[in-house]
Amino acid sequence: MTRADRGTETGAGQEAGAGREAGPAGPGGTVRQEQPARPAPDRRLLITGGLAAACVVLFLSVFIASHLTRTSGQQETVHTGEFERIEISAGNAVTVRADPAADAVRARWELSWSLLEPRVIEEADGDTLRLSVRCAGLPGRGCGSSVTLTVPHTAAVRVSAGGAVRVSGVAGGVEVAGGEGAVEVFDSAGPVVLHTREGAVTGTGLAGPAHVSTRNGDVSLSFAAAPSEVRVSSRDGSVDLALPEPPEGYALDVAQRGGAADLALASRPDSPRTVSVTTRDGTVRVRPAGDS
């Protein structure tokens with residue numbers, strides 16, 4: 001073999017061994033191993049990651065926009081029908097006024113929102129009317145709603161609110177499920193059921209049975225007619241009851257852990273009229289109506 005042939009053979013051997021790593025030497029010479037190729041990136045993972053990043057950016061954009069584009073407005077609605085019960089739900093304050101001459105339920109809504117305006121929802125179910133507000137459900141600040149209602153005098157009213165509640169002149173009964181805010185009921189001839197988490201409860205000119213509970217807040221109830229039953233529960237707050245004096249009196253039951261009790265009315269255990277007061281920390285006063 002000539003020198004040129006040996007050079008050609010050596011070059012071919014080098015080309016054949018390109019891309020190989022040297023392995024252990026065998027009897028026949030050096031053995032080279034193939035280097036494994038790198039796997040291609042999974043396109044599905046890339047697409048999923050890109051979509052997740054886009055969703056995060058979109059969420060943050062809507063969240064920031066909801067804090068920068070706050071809008072408020074009013075809306076008035078009229079609801080006709082022979083409604084004996086009206087149920088109202090609002091995120092903030094609710095005011096209800098009864099009008100003996102009212103021939104419809106009239107509502108004036110104070111609304112606040114970001115990006116998309118909320119909708120007032122009306123649901124009529126027989127003699128029951130339900131009014132509420134539906135928010136858009138976008139991330140960030142939600143919508144706010146307060147309402148002032150005029151209702152027929154004889155209707156019963158149920159209120160669910162996150163803020164203060166004020167009801168006056170309703171004869172058919174009042175139910176309140178409050179959040180944070182005072183609850184006030186005036187001149188109600190029917191039964192009242194009032195619950196709130198944080199806030200004082202005041203009732204004036206009441207004439208029916210009353211069930212009242214609050215976690216933190218004072219309770220003050222004044223009756224224009226002798227009630228058949230009064231039940232009051234307050235964890236932290238004083239209780240003041242002003243009651244007319246019927247001949248049969250009241251069976252009084254007062255339970256308290258801290259605070260003074262001033263019972264100006266004597267208990268009549270055999271009376272069908274019952275008054276029950278429970279408080280953890282706060283004074284309790286039960287007095288005849290008209291006494292200050």
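Each chain carries its own residue numbering, running from 1 in the written order of its sequence. The predicted origin of the model limits local features to residues at a pLDDT of at least 70 and limits the giving and counting of side-chain atom pairs to 80 or more, whereas totals for whole chains, interfaces and linings rest on all residues. No hydrogens and no water enter the side-chain calculation; it runs on all heavy atoms of the structure.

K.L.:
Looking at this structure, I do not really get the confidence of the model for the chain. What am I missing?
P.N.:
Any segment with low pLDDT has predicted coordinates that should not be analysed in fine detail. Per-residue confidence from the predictor is given as pLDDT, running between 0 and 100. Considering every residue of the chain, the mean pLDDT works out to 82; 74% of them sit at 70 or more. Predicted confidence is poor over residues 1–23, with pLDDT under 50, and the contacts of this stretch with residues over four places away or in other chains come to 19 contacts. In this description, contact between two residues means that some pair of their heavy atoms is separated by no more than 4.5 Å. Scored below 50 in pLDDT, residues 60–68 makes 12 contacts in the model with residues more than four places away or belonging to other chains.

K.L.:
I'm lost on the pattern of salt bridges in this one. Help?
P.N.:
If charged atoms from side chains of opposite charge come close, those side chains can pair. Salt bridges are defined by distance alone: a side-chain nitrogen of Lys or Arg within 4 Å of a carboxyl oxygen of Asp or Glu. One pass over the full model with this rule turns up 15 salt bridges. Arg-85 is the salt-bridge partner of Glu-175, the closest N and O atoms lying 3.3 Å from each other. Here Glu-175, found in strand β12 (residues 174–178), pairs with Arg-85, found in strand β4 (residues 85–90); they are 90 residues apart in sequence, far enough to count as distant. The buried label applies to any residue whose accessible area, calculated with a 1.4 Å probe on protein chains only, is under 20% of its type's maximum; exposed applies above 50%, and partly exposed to all values in between. Taking relative accessible area as the criterion, Arg-85 reaches 22% and is therefore assigned partly exposed. A salt bridge links Glu-198 to Arg-215; the shortest N-O distance between them is 2.6 Å. Of the two residues, Glu-198 is situated in strand β14 (residues 192–198) and Arg-215 in strand β16 (residues 210–216); the sequence distance between them amounts to 17 residues. Residue Arg-215 is classed as partly exposed on the basis of its relative accessible area, which comes to 37%. One salt-bridge network, in which partners are shared between bridges, spans Arg-85, Glu-87, Asp-125, Arg-130, Arg-158 and Glu-175. Think of it this way: any DSSP run of H or I at least four residues long counts as a helix, any run of E at least two long counts as a strand, and we number them from the N terminus.

K.L.:
What is the right way to look at the pairing of strand β19 (residues 239–243) in this model?
P.N.:
Regular strands have side chains that alternate between both faces of the sheet. With five of five residues buried, β19 lies mostly within the body of the structure. Side chains Val-239, Leu-241 and Leu-243 of β19 all project onto a buried face; the interleaved residues Asp-240 and Ala-242 project onto the opposite face, where all are buried too. Note that β19 and strand β23 (residues 284–288) share five bridges and pair parallel. Looking at β23, one finds that Val-239 is bridged to Val-284. At least two DSSP bridges between two strands are needed for those strands to be called paired.

K.L.:
Just to check I follow, could you spell out the nonpolar core for this structure?
P.N.:
Across soluble globular proteins, nonpolar side chains have a tendency to be buried as a group. Put simply, buried Ala, Val, Leu, Ile, Met, Phe, Trp, Tyr and Cys residues joined by side-chain atoms within 4.5 Å make one nonpolar core. Of all hydrophobic cores here, the largest spans 49 residues; its most connected members are Val-96, Leu-149, Leu-221 and Leu-241. Residue contributions to this core peak at four residues, all from strand β6 (residues 105–114). Not counting the four nearest positions on each side in its chain, Val-96 is found in contact with Ile-88, Leu-149, Val-151, Val-157, Val-159, Arg-166, Val-167, Ser-168 and Val-170.

K.L.:
Help me understand the pairing of strand β17 (residues 219–223), please; the structure alone is not making it clear to me.
P.N.:
Residues Val-219, Leu-221 and Phe-223 point to one face of β17 and are all buried, whereas Ser-220 and Ser-222, pointing to the other face, are not buried. As paired elements, β17 and β19 share four bridges and run parallel to each other. Across the sheet, the residue bridging to Ser-220 is Asp-240, located in β19.

K.L.:
Even after reading the chapter, I still don't get the environment of Asp-281, so can you show me in this structure?
P.N.:
The residue Asp-281 is located in strand β22 (residues 274–281) in this model. We classify Asp-281 as partly exposed; its relative accessible area is 37%. In the structure, Asp-281 is positioned 21 residues away from Ala-260 in sequence and 9.3 Å away in space, judged by C-alpha atoms. Setting aside residues up to four positions removed in sequence, Asp-281 forms contacts with Arg-235, Asp-236, Gly-237 and Gly-258.

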